[in-house]
Amino acid sequence: MKLPFSSSLPARRAVLVGSLLLAAALPLAAADNVRTEADAERLAALRKEALSYEHGEGVPKDYARAAKLYCDGARLGDAEAQFNLGWMYANGRGVERDDARAAYFFALAAKQGHPHAARMSRFVGSPTTTTPECMRPPEMPEIPAEPVLPTSEAQKKVIGLVNQLAPEYGVSPRLALAVIQTESNFNSQALSNKNAQGLMQLIPDTSARFNVKKPFDPEQNLRGGLAYLRWLLAYFEGDVSLVAAAYNAGEGAVNRYRGVPPYAETRGYVKRIISLFRRDDHPYDARVTNPSPELPRIRLLKGS
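**Looking at the packing of helix 2 (residues 63-75) against helix 3 (residues 79-91)**
Relative orientation of the contacting elements helix 2 and helix 3 amounts to 145°, with a least axis distance of 8 Å. Between helix 2 and helix 3 lies a crossing of left-handed hand. Together, Tyr-63, Ala-67, Tyr-70, Cys-71, Gly-73 and Ala-74 of helix 2 and Ala-81, Gln-82, Asn-84, Leu-85 and Met-88 of helix 3 make up the contact between the two elements. The residue makeup of the contact of helix 2 with helix 3, split by class, is eight nonpolar, three polar and no charged.

Dropping the structure here:
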């Protein structure tokens, strides 16, 4: 039985099953496993973006994108996102109808006390025993080894350190090495005319932002650069071209131009990183920061 949807209430859902009318579910303050106000804000931002794609509010309607964003929130413990995704599967709303998968998400939301999830579970049967793919932790892509072969003991040490540290930050070693090769060519003492320092060419503001006290110390510099890459990956939701552009020109410039800025240096930099990394996307941890508020418009301009 298909559950009816009231399209006149784009931010709410009206469920009628037999004689039962359930009021639309309003966003919950925070899921049980959300520990801080910042976490709640990040989940709310994900949910808001998902709603905009589900209902075509300010962006083209894109159910697949909405489902992915809901699942990102569901994986991070947002009961409202879990309920909304269950709703999509229960109704076949832009996705293939799947009662077992709907029951899976309703059950997650019900465990957190969502006011309507337990009642909805009665209409979709038993949940699937297979964890949906989008609920599994992001995995590092299978990418060939480092973009360069070491030509000296110094380079070999840097590559070893990157391979050790990058996974701690959820960053592919290959992406980190692509940035290092492009920024400093593995020179830990590199200093640019803009005062960018060390292996990953951190400017003083970035060093301060990520608590780097000794920018010419290889490990400290790498940790600061990796922390920045992790932040940019979350901010631009894994879009490598935007991450590379922001690393070169700053995230403010990417937001201002709603994409890769029209600077010859930055565009060449992005092409270089993409050619070395060999992928356009990268897994990211949505808990690190809220996504860029310009992402929907950037995607619209890119036609994605």
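Read on, since the account is not over.
**Here's the deal with the nonpolar core**
Counting 78 residues, the largest nonpolar core has Ile-180, Met-200, Phe-236 and Tyr-247 as the members making the most contacts within it. The greatest single-element share of this core, amounting to nine residues, is contributed by helix 9 (residues 218-235). With residues near it in sequence (within four places) discarded, Met-200 still touches Ala-176, Val-179, Ile-180, Glu-183, Asn-221, Leu-222, Gly-225, Leu-226, Leu-229 and Tyr-247.

**What about the packing of aromatic side chains?**
If you walk through the whole model with that rule in mind, you get eight aromatic pairs. The rings of Tyr-89, Tyr-104 and Phe-105 are connected pair by pair, giving a single aromatic cluster. Taking the ring centre of Trp-231 as reference, the NZ or CZ of Arg-209 above it sits at 4.5 Å.

**Here we look at the state of the cysteines**
For the coordinates displayed, the defined rule picks out one disulfide. Two residues, Cys-71 and Cys-134, share a disulfide whose sulfurs are 1.7 Å apart. On the sign convention where negative means left-handed, the S-S torsion of about 70° between Cys-71 and Cys-134 marks this disulfide as right-handed. In this pair, Cys-71 sits in helix 2 while Cys-134 sits in the loop between helix 5 (117-121) and helix 6 (153-165), placing the two residues 63 residues apart along the sequence. You can call Cys-71 buried: its relative accessible area is 0%. Owing to a relative accessible area of 30%, Cys-134 belongs among the partly exposed residues under this scheme.

Calculation rules
Residues numbered from 1 in each chain as written. Predicted model: local features only at pLDDT ≥ 70, side-chain atom pairs only at ≥ 80, totals over all residues. Heavy atoms only, no water. Axes fitted to C-alpha atoms, helices over the stretch in contact; angles between N-to-C directions. Helix = DSSP H or I, 4+ residues; strand = E, 2+ residues; numbered from the N terminus. Left-handed = near helix turned anticlockwise from the far one by under 90°. Contact = heavy atoms within 4.5 Å. Nonpolar A, V, L, I, M, F, W, Y, C, P; charged D, E, K, R; others polar. Core = buried A, V, L, I, M, F, W, Y, C linked by side-chain atoms within 4.5 Å. Buried < 20%, exposed > 50% of the residue type's maximum accessible area, 1.4 Å probe, protein only. Phe/Tyr/Trp six-rings, centres within 6.5 Å; stacked < 30°, edge-to-face > 60°. Lys NZ or Arg CZ within 6 Å of the ring centre and 35° of its normal. Disulfide = S-S within 2.5 Å.

Function cannot be read off these values alone, since they describe shape.
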